[in-house]
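Architecture and fold: a report
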Amino acid sequence: MALSQAKSWKPYLNDELNQPYMLALKEFLRLEKAAHKTIYPHSSHWFHALEITPLDKVKVVILGQDPYHQPHQAHGLCFSVQPDVKIPPSLANIYKELTNDLAIQPALHGCLESWAKQGVLLLNSVLTVEHAQANSHQGKGWETFSDKIIQTVAEQNEHVVFLLWGNYAQKKGAFIDPQRHCILKAPHPSPLSAHRGFLGCKHFSKTNQYLEQHGKTPIHWALPKVASPV
């Protein structure tokens, strides 16, 4: 467990990796692997969100809960799946809102790497999960680590848009200073709650309006027709 590929984050997070709670998490993951349990995503993708979106480039943060728990889905970015995998229901609703908001036609794949490369930090609260066991790695330490990531963005960057979808994300982002950053809240895009206000929230256009107001390049939300292999 190392941040060797996430150099911009290392000064702020390296010490965190040696905190007692992270050492306990490392041991938990080691024992899970020793017990031949399948963990998603692959360990090479645990910090993919940090590797693909450098700290100084973060303009938008989208908070997820924990990774997808079926084969070949998770690759370290919340809501995103690998290019050849069926689009999950929550992401289908995100695409539906993109069409409602900005008339962007849904992509035929579910890989959101192009957003991440533009400064959208796609961060799950929990970075690992056991195969077919949703939320199985909650309460093991990842939440504290992801809080530190959010705190680092909130302290080191100015005028970031935080998209907090659902109660879980909203509680996790409760300490963000709304005077310094833009906080947009909506229900979660899952089929259980999207109709309660996620659909119609216009968060994508609101994000770009805020970024432009503060002299930042807006996000090009339209995804490439074909996603590169992850």
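Use the structure listed above.
Presented here is an overview of the structure given in this document. Quick caveat, the model's predicted, so the values are computed rather than measured.

**Topic: the sheet that holds strand β2 (residues 60–64)**
Pairing is parallel in the open sheet, where four strands are placed in the order β3-β2-β5-β6. Edge positions in the sheet fall to β3 (120–124) and β6 (182–186), since each of these pairs with one other strand and no more. Neighbouring strand axes in the sheet, compared pairwise and without regard to direction, differ in orientation by 20 degrees on average. In this sheet, β6 lies alongside strand β5 (residues 161–165) in parallel orientation, the contact comprising five bridges.

**A few points about the pairing of β5**
Counting buried residues in β5 gives five out of five residues, a clear majority hidden from the surface. Here β5 shows two buried faces, one formed by V161, L163 and W165 and the other by F162 and L164. Sheet topology note: the β2/β5 ladder contains three bridges and is parallel. The residue bridging V60 from the neighbouring strand is V161, located in β5. For the handedness criterion, the β-α-β arrangement of β5, helix α7 (residues 167–172) and β6 is classed as right-handed.

**Topic: the pairing of β3**
Of all five residues that make up β3, five are buried, and the element is covered over most of its length. Where burial is concerned, the two faces of β3 agree: the one with V120, L122 and N124 and the one with L121 and L123 are both buried. When β2 meets β3, the two strands line up parallel, connected through five bridges. Of the residues in β3, the one forming a bridge with I62 is L122.

**Describing the packing of helix α2 (residues 20–34) against helix α6 (residues 142–156)**
α6 packs onto α2 with a crossing angle of 130 degrees between their chain directions and a minimal axis gap of 9 Å. Here α2 is positioned oblique relative to α6, judged by the angle of their axes. The handedness of the crossing between α2 and α6 comes out as left-handed. Between α2, through Y21, M22, L25 and L29, and α6, the contact on the second element is made entirely by W142, T144 and F145. Each residue belonging to the contact of α2 with α6 can be placed in one class, and the counts come to six nonpolar, one polar and no charged.

**Let's talk about the environment of A186**
Structurally, A186 is set in strand β6. The sequence separation of A186 and K59 amounts to 127 residues, and the corresponding C-alpha distance is 19 Å. Every residue in contact with A186, bar those within four places of it in the chain, is listed here: L164, W165, G166, Q170, G197, F198, C201 and H203.

**Description of the state of the cysteines**
One pass over the full model with this rule turns up zero disulfides. Summary of cysteine pairing: C78 is not part of a disulfide, and the nearest cysteine sulfur, belonging to C111, is at 13 Å. For C78, a relative accessible area of 0% gives the class buried.

**Concerning helix α4 (residues 89–102)**
Helix length check: α4 (14 residues) gives 20 Å between terminal C-alpha atoms against 20 Å at 1.5 Å per residue, within 8%. Of the positions making up α4, those classed as buried are S90, L91, N93, I94, Y95, E97, L98 and D101. Each element contacted by the buried residues of α4 is listed here: α5 (113–117), β5 and α8 (203–213). With its phi angle positive at about 60 degrees, A103 sits one or two positions after the end of α4.

**Some words on the environment of H181**
Its location among the elements puts H181 in the loop between α7 and β6. Judged by relative accessible area, H181 falls into the buried class, the value being 2%. It is 34 Å that separates the C-alpha atoms of H181 and V85, two residues lying 96 residues apart in sequence. Filtering out sequence-adjacent residues up to four positions away, H181 remains in contact with V153, A154, N157, E158, H159, V160, F162, I176 and Y210. Within polar-contact distance, the side chain of H181 engages the backbone oxygen of A154 at 2.9 Å.

**Thoughts on α6**
A rise of 1.5 Å per residue sets the reference length of α6, with its 15 residues, at 21 Å; its end C-alpha atoms lie 21 Å apart and thus fit the reference within 8%. Buried within α6 are the following residues: W142, E143, F145, S146, I149, I150, T152, V153 and A154.

How each quantity is defined
- Residues numbered from 1 in each chain as written.
- Predicted model: local features only at pLDDT ≥ 70, side-chain atom pairs only at ≥ 80, totals over all residues.
- Heavy atoms only, no water.
- Pairing = 2+ DSSP bridges.
- Helix = DSSP H or I, 4+ residues; strand = E, 2+ residues; numbered from the N terminus.
- Axes fitted to C-alpha atoms, helices over the stretch in contact; angles between N-to-C directions.
- Buried < 20%, exposed > 50% of the residue type's maximum accessible area, 1.4 Å probe, protein only.
- Right-handed = clockwise from strand over helix to strand, strands pointing away.
- Parallel < 35°, antiparallel > 145°, perpendicular 65-115°, else oblique.
- Left-handed = near helix turned anticlockwise from the far one by under 90°.
- Contact = heavy atoms within 4.5 Å.
- Nonpolar A, V, L, I, M, F, W, Y, C, P; charged D, E, K, R; others polar.
- Disulfide = S-S within 2.5 Å.
- Expected span 1.5 Å × (residues − 1).
- Polar contact = N/O pair within 3.5 Å; in protein donor to acceptor, adjacent residues only side chain to side chain.

Geometric values such as these leave the question of function open.
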